[in-house]
Structure formats: C-alpha cells, structure tokens
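Reading the structure
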Amino acid sequence: MAKVAVLGYGTVGSGVVEVLDTNAQEVAKSAGESVELKYILDLRDFPGDKHEAQVVHDINVILDDPEVDVICETMGGLEPAFTFEKNAIMKGKSVCTSNKELVAVHGPELVELAKKHNVSYLFEASVGGGIPVLRSINDSLKHEKIDAITGILNGTTNYILTKMDKEGMGFETVLKKAQEKGYAERNPEADVEGYDACRKIAILSSLMSGKHVNYEDIYTEGISKISIEDFEYARALNMSIKLLGMCKRNENGFFTIVAPFLVPQENPLAAVNGVFNAINVHGNMLGDVMFYGKGAGKNATASAVVADVIDILKHKGKHIEVNLGSEKAELTSKDNAVRRFFVRVPEGEKDKAYELFGQDIDVVKRNSVHSEFAFVTDLVSEKDFEEKLWKFDSVKGYIRLY
Ligand code: HSE
C-alpha cells in the first residue's frame, strides 16, 4: 500500500482527497496498489471533517515519515511551497503539484533535484486543469519535433469573452458577474491581464524546447481592453476573440506571446467557450492534435494531480524523465513576428490609415451607427505595425489576427 500526503486542504487539495476517496478502486487498479492518504498539511483544523485525524500542522511530521511515498503540493504560491517541495525531494519523496507559479519559476531546478534523488517531479495539473496535455507531450509525443503550441489556457477569461460575445455585455459587467459566481477571483488581475496564461505557456514552451522559458520574458497582454464593439466587428469578420498563449519554433529559437487574437470561426479554438480550455499542439510528423477540457475547477484539477500520483507509483524507484532543462531558452523578439492586425481609429483618421497601411486594407463594418474607421491590415511585422500605429493621432483599439 502506498501512502501519500496532501499539502494544502484548499480547493485543489480537498479535491485530491475526494478523488482518492471516490475512485479508490480505480486508483488502486491503475497504480497497482491501493493508495492511502496518510496526512493533510494545513494551518487550519477541520473539526468534523472525515479526514480530521489526518490533518497535521508541521511539515516535518510528513517529511520525517519514511512511509510517505508521494507528496501532492496543492498550496500554491512560491513559499513555503518551494521549500517544502525541495525538502521532500531531498528526503527521497516524489512530488506532484498543481502550482503553476512555482513550476514556471523553479520547475527545471526541481526536476533536476528529483533526478539526483531518483524520485519524480510531475506537474500535470499546472496547465489546462484536468486536461492530460503535459503527459501527452512528455510521453505520446516525445518522438515528435513540436513546432507550435497554441492554447486557450485560462478559463476565467474565456468565460468572460464568451459572455461578452454571446450576451453583448461589457467587460466590467461580465467580470462582476463572474466574481459573484465564483468564476473570477476578487482580485482578477492574474487572469484578466494574462499573467496566469503566461505562466502556463511558459511551462508548455519549456517542455517544448527542453529548456527554461522565463515567464518574465514573454510578451503578455490581457483582455481588459476588449469591448463589445470589438465582438460586433469579430462577427462581421466571421471570427471570434480568444486570449491565446502561443509558442512557435523558428530558425533562431522560439517565439512566445500571450494576447487576445481574432480567430477564424473554422478554427476549432474559436468554438471553445465558457470556462473550457483547449491546447493545440503541432508536431512535425503528426500535424495538429488538440486537447480540450475543463481547465479549472476542483475535481478536474485534482484528477490531474491523482494521475501524477499514479504515474509515480507505477514507476516506483525510478525517476520519470521530464523534458525541462535549466538552460535558458533563446526567445526571439516579438518585433519580427509577422501577422495581420485589426485596427479601429476615429473616422477622421481614415486617410492616414490608407496612407500608412496601403490601399489594400480590408475595411470592416459593423451594423450600429458609429464614427470610426475599422480595417484589417495586410501582413506586417509587429515592429512596423507599432511604428505606424504611433503615427495616428488617436487609436481606438487593435487586435491581432490568428
Ligand atoms: N484562474 C485559472 C483559470 C485557474 O481561470 O484558468 C486554473 O489555473
């Protein structure tokens, strides 16, 4: 019988316990042995909870218990999670986590430490909630040269964008509703400004490159400037607006970005709505493969943590290889990326739009009366686009085309 400890009895941690309880037989069958929850670490007590007796407040009780094989870190944040994980690995315990912030910053170091101590460090739940995308990249797609990963990586923003699109409500109104329903945090900055998606694409890009992609080097834009008028134009273009995280391999390294994009309706990513996530992976031999599912939520995320527990138990006594090196990945500048842009300027800037972007720009019209000029540029580099944009007296907004 294997013994596990869960660090943090919050949403994900209690979900892990629930999965271990509810699916005990399935978990045992898959792991090849039954799995017992020996400890839960939390600052709080949980009187009346079914697992009240397993709650401890001192991490050393867990670290010093040789019976504990696997630690599930579901606390979140950098500290004390980082110290707890490091100490657990050094004590010969495998660790799995949902903590994307920690994986994005210290993942390579923790994988290396796990290798040194012949244990494993897995983090399936850190990207795409319950979607088994990291394991697929690390296992089924290991023989592929992955050229590109593009994903809707944040459930909260996808919920907000979907509501704005389908119900014609403004960003602030939808955000407030999302907060009331508990879909968005009281401080929604990490989600709406793209920081959460940035951590996730940093992890995916690191796995794709086998090196360390520092999330701070990734150009990141959120969705707070997207308006319902933008959705009217998107409909006229037969497109949808999605916050995408993207990593592409090129001859000089890798290019990564997080930003809202106009996605053509025929692209499957355009049809991913609500809190769902989707990640498209392009392999050089395989072509496109897309992973779709619940990117957030207690049970879905917990299921991914338990999948890691099982993987670890199936490989007891071995280190599970993870393609995550400490060497810094070479990221190419955003300036050279070439794409089309949708732009809105006041009506009075129309002539300048033609002057700057040429006579071939595609004019976009929406139904309601308005005094602005909207158009889609031809292919242009990010740098040239930015320079041209500065030449307008006023710009109402712009969105990249996917
Ligand atoms: N806030 C995140 C989201 C939770 O909305 O996707 C999962 O990482």
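Remember, it's a predicted structure, so these values are computed and weren't measured experimentally.

Looking at the pattern of salt bridges
Using the criterion set out here, one finds 34 salt bridges in the structure. Put simply, aspartate 65 and lysine 38 hold a salt bridge, and the shortest N to O gap is 2.7 Å. Taken together, the residues span a long stretch of sequence, with aspartate 65 in the loop between helix H3 (59–63) and strand E4 (68–73) and lysine 38 in strand E2 (residues 35–41) at a distance of 27 residues. A relative accessible area of 8% places aspartate 65 in the buried class. What makes lysine 38 partly exposed here is its relative accessible area of 22%. Measuring nitrogen to oxygen at the nearest pair gives 3.8 Å for the salt bridge that ties glutamate 372 to arginine 366. The network of salt bridges with common partners includes Glu221, Lys334, Arg339, Glu382, Glu386 and Arg400.

Looking at the domain arrangement of the protein
Interface size is commonly expressed as the accessible area that is lost once the parts come together. Along its sequence, the protein is carved into domain 1 (2–129 + 298–314), domain 2 (137–294) and domain 3 (334–401). Look at where the C-alpha atoms of domain 1 and domain 3 centre, and you get two points 49 Å apart.

Overview of the pairing of strand E14 (residues 341–346)
Regular strands show a simple pattern: their side chains alternate between the two faces of the sheet. The element E14 is largely enclosed, with a buried count of five among its six residues. Examined bridge by bridge, E14 and strand E18 (residues 397–401) share four bridges and lie antiparallel to one another. What sits directly across from arginine 344, in E18, is glycine 397. In the sheet, E14 pairs with strand E16 (residues 372–376) via five bridges, with the strands oriented antiparallel. Bridging from a neighbouring strand, phenylalanine 342 pairs with valine 376 of E16.

Describing the site of the ligand
The environment of the ligand is formed by Lys100, Asn154, Gly155, Thr156, Asp191, Asp196, Lys200, Gly295 and Ala296. Taking asparagine 154, its side chain carries an N or O atom lying 3.4 Å from an oxygen atom of the ligand. At a separation of 2.9 Å, a nitrogen atom of the ligand approaches a polar side-chain atom of aspartate 191. Surface burial for the ligand is 80%, taken as the share of its 250 Å² of free accessible area covered by protein chains. If you map the ligand onto the pockets, it falls in the largest pocket.

Looking at the sheet that holds strand E1 (residues 2–7)
Strand order in the open sheet made by the six strands is E3-E2-E1-E4-E5-E6, with parallel pairing throughout. In this open sheet, the two edge strands, each paired with only one partner strand, are strand E3 (55–56) and strand E6 (121–122). Note: strand E5 (residues 94–97) against E6, two bridges, orientation parallel. Within the sheet, the bridge partner assigned to valine 95 lies in E6 and is tyrosine 121. Against the sheet, helix H1 (residues 11–22) engages E1, E2 and E4, with an angle of about 155° to E1. Contacting E1, E2, E4, E5 and E6, helix H4 (residues 81–90) runs over the sheet at an angle of about 150° to E5.

Focus: unusual backbone geometry
Residue proline 80 is bonded to the preceding glutamate 79 through a cis peptide linkage, with omega at 10°. With respect to the element layout, proline 80 can be found in the loop between E4 and H4. The residue asparagine 118 is not glycine, and still its phi comes out positive at about 55°. Among the secondary structure elements, asparagine 118 is positioned in the loop between helix H5 (100–116) and E6. Residue asparagine 118 is classed as partly exposed on the basis of its relative accessible area, which comes to 40%. A positive phi angle, near 60°, is found at asparagine 238, a position not held by glycine. Mapped onto the elements, asparagine 238 comes out in the loop between helix H11 (228–236) and strand E9 (239–250).

What counts and what doesn't
- Residues numbered from 1 in each chain as written.
- Predicted model: local features only at pLDDT ≥ 70, side-chain atom pairs only at ≥ 80, totals over all residues.
- Heavy atoms only, no water.
- Salt bridge = Lys/Arg side-chain N within 4 Å of Asp/Glu carboxyl O.
- Helix = DSSP H or I, 4+ residues; strand = E, 2+ residues; numbered from the N terminus.
- Buried < 20%, exposed > 50% of the residue type's maximum accessible area, 1.4 Å probe, protein only.
- Domains from an automatic or database assignment.
- Pairing = 2+ DSSP bridges.
- Near = heavy atom within 4 Å.
- Polar contact = N/O pair within 3.5 Å; in protein donor to acceptor, adjacent residues only side chain to side chain.
- Areas by Shrake-Rupley, 256 points an atom, 1.4 Å probe, with all protein chains shown as cover.
- 1 Å grid on protein atoms, 1.4 Å probe; cavity = no way out; pocket = protein on both sides within 12 Å on 5 of 7 lines; lining within 4 Å.
- Sits in = over half its atoms within 2 Å of the grid points.
- Contact = heavy atoms within 4.5 Å.
- Axes fitted to C-alpha atoms, helices over the stretch in contact; angles between N-to-C directions.

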